[in-house]
Amino acid sequence: MENESDLDRARAALAAVDATRASVADRLVTPWWYHPTLGLLVAAYLVGYAVGDTIVRMTVLVAFFVGIGVLTTVYRRRTGVWVSGHRAGAATRWAVAMGVAAVVLVLTALGVHAATDLLWPVWVCAAIVFVVIVVLGRRFDARLRSELRNGHVVAS
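> Could you give an account of the overall build of the protein chain, with specific residues and numbers?
When helices and strands are counted, the protein chain shows 5 helices and 0 strands. Ordering the α and β elements of the protein chain from the N terminus gives α-α-α-α-α. In the protein chain, which comprises 156 residues, the share counted as buried stands at 35%. Carbon and sulfur atoms form 66% of the exposed surface of the protein chain, whose accessible area is close to 9,500 Å².

Now the structure itself:
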């Protein structure tokens, strides 16, 4: 009898853990404006850094980090959790892809502008980085919620 009671308590505890994971995954719904805002921050940084002088570059850098800080704070307050893109289980690949794409596009814009003085390639790179951030960010979120539900990621 005692073993059955222990077994029932263990099952109930595991069910509670599963319910908590599902609750966290359900709360982790990114607001619709989060990725477009992040994309705009990266695109604005790309344009300002590629075509601006030192003061503009410093300004867009500060604005970028302030914007990231505000986004992070609002997200944490809204969801109650934060998961690093570097510790998100299988979802990490989407965060890495987003970061690599952004770096490649920034470097492309810098290189093309430095070599040609053309502005339109910078704007094209900014538009592409915006779309990439929105699309890959949403894929990251979907995979992250799946990972949380399955117990492969721990939110903090």
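Don't stop here, the text continues.
> Please set out the environment of Ala50 residue by residue, giving values where relevant.
Along the chain, Ala50 falls in helix H2 (residues 34-51). Assessed through its relative accessible area of 5%, Ala50 is described here as buried. Apart from residues lying up to four places away in sequence, Ala50 is in contact with Arg57, Ala109, Leu110, His113 and Val122.

> Explain the packing of helix H4 (residues 92-116) against helix H5 (residues 120-149) to me, and be specific about the residues and the numbers.
Relative orientation of the contacting elements H4 and H5 amounts to 175°, with a least axis distance of 9 Å. Classed by the angle they form, the pair H4 and H5 counts as roughly antiparallel. Looking at side-chain class alone, the contact of H4 with H5 contains 18 nonpolar, 4 polar and 3 charged residues.

> I'd like a description of a nonpolar patch on the surface, backed by residues and values.
On the surface, Val62, Val66, Val70 and Val74 cluster together to form a nonpolar patch covering roughly 320 Å² of accessible area. With relative accessibility at 47%, the residue Val70 sits in the partly exposed group.

> So what's going on with the packing of H2 against helix H3 (residues 54-79)? Which residues, and what values?
Between two packed helices, both the angle of their axes relative to each other and the distance between the axes serve to describe the pair. Put simply, H2 and H3 touch, their axes get as near as 8 Å, and they point 170° apart. When the axes of H2 and H3 are compared, the pair comes out roughly antiparallel. Across the interface between the two elements, Tyr34, Thr37, Leu38, Leu41, Val42, Ala44, Tyr45, Gly48, Tyr49 and Ala50 of H2 pack against Val56, Arg57, Val60, Leu61, Ala63, Phe64, Gly67, Ile68, Leu71 and Tyr75 of H3.

> Account for the side chain of Thr30, naming residues and giving values.
Locating Thr30 in the fold gives a position in the loop between helix H1 (2-27) and H2. When its relative accessible area of 14% is taken as the criterion, Thr30 is described as buried. In this structure the side chain of Thr30 is engaged in a polar contact, spanning 2.5 Å, whose partner is the side chain of Asp141. Filtering out sequence-adjacent residues up to four positions away, Thr30 remains in contact with His35, Tyr75 and Asp141.

> Tell me about the environment of Ser146, residues and numbers included.
If you trace the backbone, Ser146 turns up in helix H5. Among the residues examined, Ser146 registers a relative accessible area of 30% and is labelled partly exposed. Spatially, the C-alpha atoms of Ser146 and Ala91 are 8.8 Å apart, while their sequence positions differ by 55 residues.

> Please set out the packing of aromatic side chains residue by residue, giving values where relevant.
What the rule picks out here adds up to 4 aromatic pairs. Centroid distance Tyr45 to Phe64: 5.5 Å. Interplanar angle 40°. Geometry classified as tilted. Note that Tyr45 is positioned in helix H2 and Phe64 in helix H3, a separation of 19 residues in sequence. An aromatic cluster is present here, built from Tyr45, Tyr49, Phe64 and Phe65 joined pairwise through their rings. When the ring centre of Tyr49 is taken as origin, the NZ or CZ atom of Arg57, which lies over that ring, is 4.5 Å away.

> Tell me about unusual backbone geometry, and name the residues and values.
For Asp117, which is not a glycine, the phi torsion comes out positive at approximately 65°. With respect to the secondary-structure elements, Asp117 resides in the loop between H4 and H5.

Cut-offs and rules
Residues numbered from 1 in each chain as written. Predicted model: local features only at pLDDT ≥ 70, side-chain atom pairs only at ≥ 80, totals over all residues. Heavy atoms only, no water. Helix = DSSP H or I, 4+ residues; strand = E, 2+ residues; numbered from the N terminus. Buried < 20%, exposed > 50% of the residue type's maximum accessible area, 1.4 Å probe, protein only. Areas by Shrake-Rupley, 256 points an atom, 1.4 Å probe, with all protein chains shown as cover. Contact = heavy atoms within 4.5 Å. Axes fitted to C-alpha atoms, helices over the stretch in contact; angles between N-to-C directions. Parallel < 35°, antiparallel > 145°, perpendicular 65-115°, else oblique. Nonpolar A, V, L, I, M, F, W, Y, C, P; charged D, E, K, R; others polar. Patch = residues over 30% accessible without salt bridge, like charges linked within 9 Å, V, L, I, M, F, W, Y side chains within 5 Å. Salt bridge = Lys/Arg side-chain N within 4 Å of Asp/Glu carboxyl O. Polar contact = N/O pair within 3.5 Å; in protein donor to acceptor, adjacent residues only side chain to side chain. Phe/Tyr/Trp six-rings, centres within 6.5 Å; stacked < 30°, edge-to-face > 60°. Lys NZ or Arg CZ within 6 Å of the ring centre and 35° of its normal.

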